[in-house]
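# Topology and contacts: notes
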Amino acid sequence: MNSSLKSFCLIAFFFLPIFMIRAQENNALEILRADSLKGAMGFERLLGSVRMKNQSTLIECDSAHFFRADNKAKLYGRVFIRSEEDSVTTRSAYAEYDGNTKLAKLRTNVVFTNMETTVYTDYLDYDRAGNIAYYFNDGRVVDSTNVLTSEKGRYEVNRERITFTDDVVLVNPDYTMKTNFLVYLTIPKTAETKGLTNLISKDGNTLDASKGSFYDTQAKNFRFFDGLVETETSRVKADELLYRENEAYYEGKGDVRVLNKEREVEIFGDQGQYWEDRGYSLVHGKALVRRYFETDTLYMTADTLISQDHESDSLKYLLAFSSIQLVKSQMSGIADSLSYNYSDSTIRLFQDPAIWDNRSQITADSMTFFIENEQLRKLFVKNNAFAVMTDTLVNFNQMKGRSMTGLFENGDLNTLDITGNGESLYYALEGDTLVQGVNKTLSATIKMTFVEGQLKKVNYGVKPEGKFIPVQDIGEEGGKLEGFVWRKEEKPTMEKIFAWRSVNEVDLEAENLFEVPEAEIRMPSDEEMQKSLEKWDTNTNKGGLIPLKKVKDFSNE
């Protein structure tokens, strides 16, 4: 057994050099032809129509220096390299080729082509073994759809994948994209970026992402992370934003916001969808609306928001459902649901709504606000209408009826008309400091007039019935109409609005790669500044200071 093992080792040892020689011969660069061959120190000079081969790689050039011992060659003039196994070809003015590692270093006017994809650069290293090409010091990649440029690139041919880094620009007929890291798949023609990414469309729309993006250049689908899309009429932002251009469809997840610039309405929520062609949007999850007016802003909260606003629609509206809170200047309100008509600026509140200003509260089954010139002008309250107003002593003056109509001036209630089964209770004061009693009145109609929020006058309709109750006889229930509830703890405030949803404002001054100047002003190094100072000192000491010559004044001639 031991003798057999020894014999095998001897045979293996004898044939091992032969195997190594053959392996080297398989990798050896071969000379196929040349017009002339000249010897030189350490290499052979091949001149004129040179053709060489390394396994399946074919090489052509005008001349070459062949280092046979190292299995390397330096290639000069009209260098052309191709493979018999794939479609990759390269052209350059100069190249160095290593037959052992199959690494080609191509320089000057390099053109690397693989089917529809072509790389242009002056510096490219091509690893034939791994079928990977690297370019540096700027390169340009062109296919049937896109042109991409960057300082550095890595083309994995077998995976049809190109990684671009530093000053990356993607250009196609529809968009121009800038970023600093991009992975491009040449077959589906998709681009994935990391970090800051900015796009501009041919129509001037901007698409930005601070945490990367995915772009299907053929289907025109975008996915942005911490993304923002801005058009002439709208601005959409979300933590993750999907945009399908062909469908004019947006879908956002996480901190979604949609700004309608024409309506001056901005909607926020946890998730949202927007169909631009239809003018239809759906936002839900802690939703918030901001309606911008010239002098102030209307805030509204809801669980779900639906907006229909297209120029072809006869009815343009905003619907809000559940957890409705409203705040505008001194007015605030709550409801279960709400509708806002864009055309006539009317707001309707449904299911147990309530509104407040500084000193009053109005409740009913439903309410309608009419806004003109950005001011609340009219209020119509329907079914179980109940109004409560406080006086200077914080007593509760009360009115109720089937319906109410209020008129406003400069945001303050001016008149309030009660129609149908009207009742009123208001406190009689002496000098605004002493309660004398309460007046209770029944009337089919009641009209009240206010000045600066204070009740100044009450007019009753035909045959009112009233009584006066002295202060000592009011008692616990004597100062209340049936159905009275003071609900001030439910009154929305800006603190409640911000607690419902805090808003991080869009940074309109955020970094944008399109605003980075193409040319860079380089500051001199410390060494360069020191040499400049030394040169200046030398010139100064050599010639000294030259005094200025007085120039003759010709002004009077």
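Scope of this entry: the structure provided in the associated data block. (Residues numbered from 1 in each chain as written. Predicted model: local features only at pLDDT ≥ 70, side-chain atom pairs only at ≥ 80, totals over all residues. Heavy atoms only, no water.)

### Topic: the overall build of the protein chain
Operational definition: Starting at the N terminus, helices and strands are each numbered in turn, a helix being any DSSP run of H or I of at least four residues and a strand any DSSP run of E of at least two. Two things to know: the radius of gyration comes from C-alpha atoms, and the globule rule equals 2.2 Å times the number of residues to the power 0.38. To sort residues, take the accessible area from a 1.4 Å probe on protein chains only and compare it with the maximum for the residue type: under 20% means buried, over 50% means exposed, and anything in between is partly exposed. Contacts are assigned to residue pairs that have any heavy atoms within 4.5 Å of one another. Working definition of accessibility: Shrake-Rupley area with a 1.4 Å probe, residue cover restricted to the visible protein chains. Charged residues are defined here as Lys and Arg on the positive side and Asp and Glu on the negative side; His and the ends of the chain fall outside this count. To locate a charge, the coordinates of NZ of Lys, CZ of Arg, CG of Asp or CD of Glu are taken.
Within the protein chain, the secondary structure is distributed over 3 helices and 36 strands. Computed over the C-alpha atoms, the radius of gyration of the protein chain is 41 Å, more than 25% above the 24 Å expected from 2.2 N^0.38 for a compact globule of 557 residues. The burial tally for the protein chain puts 43% of its 557 residues in the buried class. Taking all contacts inside the protein chain whose residues are at least 6 apart in sequence as the whole, residues at least 24 apart take part in 39%. Summed over all atoms, the accessible surface of the protein chain reaches about 30700 Å², with 51% contributed by carbon and sulfur. If the 68 positive side-chain charges of the protein chain are averaged to one point and the 86 negative ones to another, these points end up 4 Å apart.

### Here's the deal with the pairing of strand β6 (residues 89–98)
The line we're drawing: Being paired, for any two strands, means DSSP has found at least two bridges between them.
Sheet topology places strand β5 (residues 72–83) next to β6; 9 bridges connect them, and they run antiparallel. Counted as the bridge partner of Lys-72 is Asp-98 from β6. The antiparallel pairing of β6 with strand β7 (residues 103–114) creates a hairpin that spans 4 residues between the two strands, and Lys-102 there sits at a positive phi of about 60°.

### A few points about the nonpolar core
Note the following rule: As used in this record, nonpolar core signifies buried Ala, Val, Leu, Ile, Met, Phe, Trp, Tyr and Cys residues forming a set joined through side-chain atoms within 4.5 Å.
Counting residues in hydrophobic clusters, the biggest one holds 52 residues, and the most contacted among them are Met-52, Leu-75, Phe-112, Leu-124, Phe-164 and Leu-182. Sequence-distant contacts of Leu-75, defined by excluding residues within four places in its chain, comprise Met-52, Ile-59, Cys-61, Ser-63, Ala-64, Ile-81, Ala-93, Tyr-94, Ala-95 and Tyr-97. Val-265, Ile-267, Met-367 and Phe-369 belong to the second largest nonpolar core, which has 43 residues in total.

### Looking at the pattern of salt bridges
As a reminder, the rule being used: Salt bridge, as used here, is a side-chain nitrogen of Lys or Arg placed within 4 Å of a carboxyl oxygen of Asp or Glu.
A full pass over the atoms with the stated rule returns 26 salt bridges. Glu-266 serves as the salt-bridge partner of Arg-290, at 3.5 Å between the closest nitrogen and oxygen. On the criterion of sequence distance, the pair formed by Arg-290 in strand β23 (residues 280–292) and Glu-266 in strand β22 (residues 265–275) is long-range, its members being 24 residues apart. As far as burial versus exposure is concerned, Arg-290 and Glu-266 are alike and both buried. A salt bridge links Asp-296 to Lys-328; the nearest nitrogen and oxygen atoms lie 3.2 Å apart. Taken together, the residues Asp-296 in the loop between β23 and β24 (297–308) and Lys-328 in strand β25 (residues 317–328) connect sequence positions 32 residues apart.

### As for the environment of Lys-261
To keep it simple, the criterion reads: In protein, a polar contact means a hydrogen-donor-capable atom and an acceptor-capable atom, both N or O and within 3.5 Å, with residues adjacent in sequence counting only if both atoms are side-chain atoms; elsewhere, any N or O pair within 3.5 Å suffices.
Examined against the element boundaries, Lys-261 turns out to sit in the loop between β21 (249–260) and β22. Residues Lys-261 and Asn-504, spaced 243 residues apart in sequence, show a C-alpha to C-alpha distance of 18 Å. Here the side chain of Lys-261 touches Thr-231 through a polar contact of 2.9 Å, landing on its backbone oxygen.

### Some remarks on the environment of Tyr-155
Within the secondary structure layout, Tyr-155 lies in strand β12 (residues 152–156). Residue class for Tyr-155 comes out buried when judged on its relative accessible area of 2%. Taking the C-alpha atoms as reference points, Tyr-155 and Asn-131, separated by 24 residues in sequence, lie 8.4 Å from one another. In terms of polar contacts, Tyr-155 uses its side chain to reach the side chain of Glu-160, at 3.5 Å.

### Quick look at a negative patch on the surface
The condition that has to hold: Surface patches are drawn from residues lacking salt bridges whose relative accessible area is over 30%; two like charges belong together within 9 Å, two nonpolar side chains (Val, Leu, Ile, Met, Phe, Trp, Tyr) within 5 Å.
Among the surface-exposed residues, Asp-122, Asp-138, Glu-151 and Asp-167 lie close enough to one another that they form a single negatively charged patch. Relative to the helices and strands, Asp-122 resides in strand β8 (residues 117–127).

### Let's talk about the pairing of β23
Inspection of the sheet shows β22 paired to β23 by 9 bridges, in the antiparallel sense. By the bridge assignment for β23, Gln-271 is matched with His-284. Where β22 folds back on β23, the antiparallel hairpin that results is connected by 4 residues, among which Gly-279 adopts a positive phi of roughly 65°. Sheet topology note: the β23/β24 ladder contains 11 bridges and is antiparallel. Its bridge partner being in β24, Val-289 is matched across the sheet by Met-300.

### Here we look at the packing of aromatic side chains
Where we set the bar: Each Phe, Tyr or Trp ring (for Trp, its six-membered ring) is paired with any other whose centre lies within 6.5 Å, and the angle between the two planes then decides the class: stacked below 30 degrees, edge-to-face above 60, tilted in between. In this scheme, Lys NZ or Arg CZ marks a charge over a ring once it lies within 6 Å of the ring centre and within 35 degrees of the ring normal.
Under the defined criterion, the tally for this structure stands at 19 aromatic pairs. On the basis of an interplanar angle of 45° and a centroid distance of 5.4 Å, the ring pair of Phe-396 and Phe-484 is categorised as tilted. Separated by 88 residues along the polypeptide, Phe-396 in strand β32 (residues 396–409) and Phe-484 in the loop between β36 (465–470) and α2 (494–500) bring together distant segments of the chain. When its relative accessible area of 24% is taken as the criterion, Phe-396 is described as partly exposed. Plain terms: the ring middles of Phe-396 and Trp-486 are 4.9 Å apart, the flat faces sit at 45° to each other, and that makes the pair tilted. With Phe-396 in strand β32 and Trp-486 in the loop between β36 and α2, this residue pair connects regions lying 90 residues apart in the sequence. An aromatic cluster is built from Tyr-175, Tyr-215, Phe-222, Phe-224, Tyr-243, Tyr-250 and Tyr-274, whose rings are joined through pairwise contacts. The side chain of Lys-328 reaches across the aromatic face of Phe-293, ending 4.9 Å from its centre.

### Quick look at the side chain of Ser-332
Position of Ser-332 relative to the elements: it lies in strand β26 (residues 331–341). Of the residues examined, Ser-332 reaches a relative accessible area of 3% and is grouped as buried. Apart from the residues lying within four places of it in its own chain, the contact partners of Ser-332 are Leu-326, Val-327, Ala-354, Ile-355, Trp-356, Lys-491 and Pro-492.

### Regarding the side chain of Asp-125
Along the chain, the position of Asp-125 falls in strand β8. Among the polar contacts made by the side chain of Asp-125, one reaches the side chain of Arg-107 at a distance of 3.0 Å. Ignoring anything within four residues of it in the chain, the contact list for Asp-125 reads Leu-103, Ala-104, Lys-105, Leu-106, Arg-107, Ile-132, Ala-133, Tyr-134 and Phe-136.

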